[in-house]
Structure formats: C-alpha cells, structure tokens
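Observations on the three-dimensional arrangement
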Amino acid sequence: MFEIIIGNLVKIGYAMAIFLCAYMANVVFSLWYNIKINREPFSREKLATGGLKALTFIVGLTLLCIAITTLPIFATEVGWTIPEEYAELFADLIIVGAVLLVACKYIKEAFTKFVAILNTPADIEPEKEGIDHEQQPVSDVFQDQSTPDQPQES
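One structure accompanies this document, and this report is about it. (Residues numbered from 1 in each chain as written. Predicted model: local features only at pLDDT ≥ 70, side-chain atom pairs only at ≥ 80, totals over all residues. Heavy atoms only, no water.)

**A word on helix α3 (residues 84–118)**
- Across its 35 residues, α3 extends 49 Å between first and last C-alpha, which sits within 8% of the 51 Å expected from 1.5 Å per residue.
- Of all the residues in α3, the buried ones are A87, A91, I94, I95, V99, V102, A103, Y106, A110 and K113.
- Contacts from the buried residues of α3 go to α1 (2–37) and α2 (44–77). (Helix = DSSP H or I, 4+ residues; strand = E, 2+ residues; numbered from the N terminus. Expected span 1.5 Å × (residues − 1). Buried < 20%, exposed > 50% of the residue type's maximum accessible area, 1.4 Å probe, protein only. Contact = heavy atoms within 4.5 Å.)

**Looking at the packing of aromatic side chains**
- One pass over the full model with this rule turns up six aromatic pairs.
- When the centroid spacing of 4.4 Å and the interplanar angle of 40 degrees are considered together, the rings of F19 and F57 count as tilted. Within this pair, whereas F19 is found in helix α1, its partner F57 is found in helix α2, the two being separated by 38 residues in sequence.
- Using a relative accessible area of 2% as the deciding quantity, one classes F19 as buried.
- Consider the rings of F29 and F114, whose centres lie 5.2 Å apart with planes at 45 degrees: the pair is tilted. Of the two residues, F29 is situated in helix α1 and F114 in helix α3; the sequence distance between them amounts to 85 residues.
- Following the ring pairs from residue to residue traces out a cluster consisting of F19, Y23, F57 and Y106.
- A cation over a ring is seen here: K105 above Y106, with NZ or CZ 4.4 Å from the ring centre. (Phe/Tyr/Trp six-rings, centres within 6.5 Å; stacked < 30°, edge-to-face > 60°. Lys NZ or Arg CZ within 6 Å of the ring centre and 35° of its normal.)

**Notes on the side chain of K113**
- Locating K113 in the fold gives a position in helix α3.
- Here K113 is buried and forms no salt bridge, its nearest opposite-charge partner E109 lying at an N-O distance of 4.1 Å.
- Looking at K113, its side chain comes within polar contact range of the side chain of N26, at 3.0 Å.
- Residues contacting K113, with those up to four places away along its chain left out, are N26, F29, S30 and Y33. (Lys, Arg positive; Asp, Glu negative; His and termini not counted. Salt bridge = Lys/Arg side-chain N within 4 Å of Asp/Glu carboxyl O. Polar contact = N/O pair within 3.5 Å; in protein donor to acceptor, adjacent residues only side chain to side chain.)

Here it is, written out as structure tokens:
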C-alpha cells in the first residue's frame, strides 16, 4: 500500500516540477511585460498572491492524488475490489490530467507574453513623469538660457 502511495508521490513530484517551470516562466515574463511594456507598478501583493496560488495548487493536487491512490486500497479492505489496472489509471489520470491542464494553461500564457515581449520595439522606454518635452543635452540647455529675470518687488 505504502509503495503505491510513495510511487504516486514521486510522480506528483515530477508533475509539480513541470507545473512550477510553466508557472514561473509565466511569472517572469509577466513581470517584464507588465512593468516595462504596460508600465504598471511592481506589486508585491500580486507576486505573493501568485506564490500562494501555486502553493495551493501543489498541496491540493498532492492531497487529491493521495485520496485517489488510497481509495481503491480502502475499497479492497472493505470487500469491494477495484482491479489494480483501474486504480493505477485513476491515479495517473489525476496526476497527468490535472497537471497537464494547468501547466498547458501557464505555458500558453507565458508563450503569449514572450512573443509580445519579442515583438515590442526596443526603443520603448518608460515615460518620465513630469517631463513634457524632449530632453536636450546639458550644453544645449545652458546655451539657450536667456538672462535671468530680475526679482520683482512686492
């Protein structure tokens, strides 16, 4: 019984590595895309929420897999035998199916952001607040200065 559970936990470990790679790729590309291209401010809250979301997925899927793995074992103990092939199929479906679904979602999102980053012109720079004109070299600024205004008396 424990060998089956341990075997499925190893499979979950590999599945979670795939998920985390897809998820972190999406996070990294999102950081660049949102901050540099969309000019959104960096948000620690969004980053923390994303980390919590990934942790929730990992813990939830692990618990779900343990439940699916132990269900046929428990059923056999109480006299309702589920063929071993079906028990393996259930566990594999939950591990591969759920992780593939979520990993593919994040791979698609990461790839979309990656392509958007590649297609963004290299000369885009964040706008500087409070400057409505093109910056001139310092030497040009001083040459164009007229004589300072005389202080006015009130």
